[in-house]
Amino acid sequence: MPRDDQAAAPLPFAAPPAPGEAIEAAPGVLWMRFNLPFALNHVNIYALEDGPGWAVLDTGIGDEPTKLAWEAAFAGPLRGRPLTRVIVTHHHPDHVGLAGWLCETHDVPLHMGETEYLTSRFYLSGRDAVHGDFQRDFYSRHGMDAGLVEAVVGRGHRYLEMLTGMPPRFVSMDAGETLDIGGRRFEILKGGGHAPDQAMLFCRDEGLFFAADQVLQRITPNISVHAPQPEGDPLGRFFRSLAAIKETVPDGTLTLPGHELPMTALHRRVDELRGHHDARCDQIMEMVAEGPLTTAEITPRLFRRQLDAHQTSFAFSEALAHVNRLLCDGRLVAADDDGVIRVSAA
Ligand SMILES: [Zn+2]
């Protein structure tokens, strides 16, 4: 998730909650922050008053320090009150990681969109789900050299290590449905791009919007094409979701995201995210003005910092998201040259 250079909008909270503490972001809504062992070093967790206890939104990653952070939260800001349910926005490990452990330990249901739930179960089903020759093809078809392909695909299947399993049952959340939490009525919104069908919750009466990772305040949500769907257009889906958010959620709404700080200048941030990706697309069009390029050639020109194998796979997948958007849009055309795909201006 690259950082943007945009000037910060006025923020409702100047700083995040300290470890082990919570900020009451709205009446009966506690905002906590758990650590992540990544460059993006934290995830926001929300606890919403729900009758006698708390409904929690997202879980943190499935590791021992995060389990300890939950124990501390129950003894601390959650004041020993019980968990009523676990609501998960999308299948990424920093959000769903401890769903299995929390639901089992507290004997509570998991609420999650069907596509996101099944995606988690799919990735948990084993190495074969994500590894195979199609992974190598995915990179080499776009011109990545063989040594780098091996470094990128040889990283192993880490998803299994970042989750404490998944509950065998769930309650599905679909777009257009509503969810009552402690007397508040939330509209369920869905959006693709960052994840196949990420869930967001909007309480119109009180002007509260849980945006998950779809709109983040300072960083740009990762939008990537993955090997099982090499011609996918996640950026197009992300653009449609941003437009729908602007249409549904009024500007000025208190927006509580999955990472970084809450914001109220929601529409401006949506416009900034759209502008960021439009600029990247324009950069690619400038590059191909000099001649056809593979996505492997475009990647280092789009992401100019030095990248290791892990970062290269992320950068490549993000670059391909922009290439595929431009192909879908008719601004680029693709030619297959001896099994290697090169794109040029249409
Ligand atoms: Zn996230």
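Per chain, residue numbering runs from 1 following the sequence as it is written. Per-residue local features of the predicted model are confined to residues with pLDDT of at least 70, and side-chain atom pairs are confined, for both listing and counting, to 80 or more; whole-chain, interface and lining totals are unaffected and use all residues. Computation of side-chain values covers all heavy atoms of the structure but excludes hydrogens and water.

Where an unreviewed UniProt entry is consulted, the protein appears under the name Glyoxylase, beta-lactamase superfamily II, with the organism given as Albimonas donghaensis.

## Topic: helix 10 (residues 309–329)
Residue pairs spaced three or four apart in an α-helix point in one direction, given the helix's 3.6 residues per turn. Between its first and last C-alpha atoms helix 10 spans 30 Å; for 21 residues at 1.5 Å apiece the expected length is 30 Å, and the two agree. Per the convention used, a helix needs a DSSP run of H or I reaching at least four residues, while a strand needs a run of E reaching at least two, with both numbered from the N terminus. Immediately beyond the C-terminal end of helix 10, within one or two residues, lies Gly330, with a positive phi of roughly 80 degrees. By this rule the span expected of a helix is its residue count minus one, scaled by 1.5 Å.

## Notes on the coordination of the zinc ion
Distances from the zinc ion to its protein donors, Asp94 (OD), His95 (NE2), Asp213 (OD) and His259 (NE2), fall within 1.9 to 2.6 Å. For Na, K and Ca the donor cut-off is 3.2 Å; for every other metal, N, O and S atoms count as donors within 2.8 Å. Water does not enter the count, which can leave sites looking incomplete. A four-donor site is called tetrahedral if each angle lies between 85 and 135 degrees; a four-donor site is square planar, and a six-donor site octahedral, when trans pairs exceed 155 degrees and the remaining angles lie between 65 and 115; all other cases are labelled irregular. Its four donor atoms give the zinc ion angles of 87 to 165 degrees at the centre, a pattern that matches the irregular case. Donor residues binding the zinc ion come from one chain and are separated in sequence as D-H-x117-D-x45-H. Taken together, the positions of His95 in helix 2 (residues 93–96) and Asp213 in the loop between strand 11 (208–212) and helix 7 (234–248) put the pair 118 residues apart, joining distant regions of the chain. What makes His95 buried here is its relative accessible area of 0%. Throughout this description, buried means an accessible area under 20% of the type-specific maximum (1.4 Å probe, protein chains only), exposed means over 50%, and partly exposed covers the range between.

## Focus on the sheet that holds strand 11
For two strands to pair, DSSP has to find at least two bridges joining them. Spatial strand order, 8-9-10-11-12: five strands in an open sheet with mixed pairing. The sheet is open, and its two borders are formed by strand 8 (178–181) and strand 12 (254–257), each paired with just one other strand. Pairs of neighbouring strands in the sheet enclose a mean axial angle of 30 degrees, with direction left out of account. Across five bridges, the pairing between strand 9 (residues 184–191) and strand 10 (residues 198–203) is antiparallel. Along strand 10, the bridge assignment pairs Leu189 with Met200. Here the axes come from fitting lines to C-alpha atoms, over the contacting stretch only for helices, and the angles between their N-to-C directions go from 0 to 180 degrees.

## Some words on the packing of aromatic side chains
Two rings belonging to Phe, Tyr or Trp (six-membered ring only in the last case) form a pair when the distance between their centres is within 6.5 Å. Interplanar angles under 30 degrees mark stacking, angles over 60 mark edge-to-face geometry, and anything in between is tilted. Scanning the entire structure with this criterion turns up twelve aromatic pairs. For the ring pair Tyr139 and Phe316, a centre distance of 5.1 Å and an interplane angle of 50 degrees mean the geometry is tilted. Of the two residues, Tyr139 sits in helix 5 (residues 133–140) while Phe316 sits in helix 10, which places them 177 residues apart along the sequence. We note that Tyr139, like Phe316, is buried. Members of the aromatic cluster, connected to one another through ring pairs, are Phe34, Trp70 and Phe74. When the ring centre of Trp54 is taken as origin, the NZ or CZ atom of Arg81, which lies over that ring, is 4.9 Å away. Note on criteria: charge over ring means Lys NZ or Arg CZ within 6 Å of the ring centre, with the direction from the centre no more than 35 degrees off the ring normal. When the ring centre of Phe239 is taken as origin, the NZ or CZ atom of Arg274, which lies over that ring, is 3.7 Å away.

## Some details on the pairing of strand 9
Within strand 9, six of the eight residues are buried, leaving the element largely enclosed by the surrounding structure. In this structure, strand 8 lies alongside strand 9, joined through four bridges in antiparallel fashion. Note that in strand 9 the partner of Leu179 across the bridge is Phe186. From the end of strand 8 to the start of strand 9, which pair antiparallel, there are two residues, and Gly182 there has a positive phi angle of about 55 degrees. In this structure, the hairpin formed by strand 9 and strand 10 is closed by a connection of six residues, where Gly193 is found at a positive phi of approximately 115 degrees.

## Concerning the packing of helix 8 (residues 266–288) against helix 10
Contact pair helix 8 / helix 10: the axes reach a minimum separation of 10 Å and the direction vectors enclose 80 degrees. Compared by their axis directions, helix 8 and helix 10 come out roughly perpendicular. When helix 8 is examined against helix 10, the residues His277, Arg280, Cys281, Ile284 and Met285 are found in contact with a partner set consisting of Glu318, Ala319, His322, Val323 and Leu326. Its residues assigned to classes, the contact of helix 8 with helix 10 shows six nonpolar, two polar and two charged. An angle counts as roughly parallel when it lies under 35 degrees, as roughly antiparallel when it exceeds 145, as roughly perpendicular when it falls between 65 and 115, and as oblique in every other case. By definition in these notes, contact holds between two residues if any of their heavy atoms fall within 4.5 Å. Note on residue categories: nonpolar means Ala, Val, Leu, Ile, Met, Phe, Trp, Tyr, Cys or Pro, charged means Asp, Glu, Lys or Arg, and polar means any other residue, Gly included.

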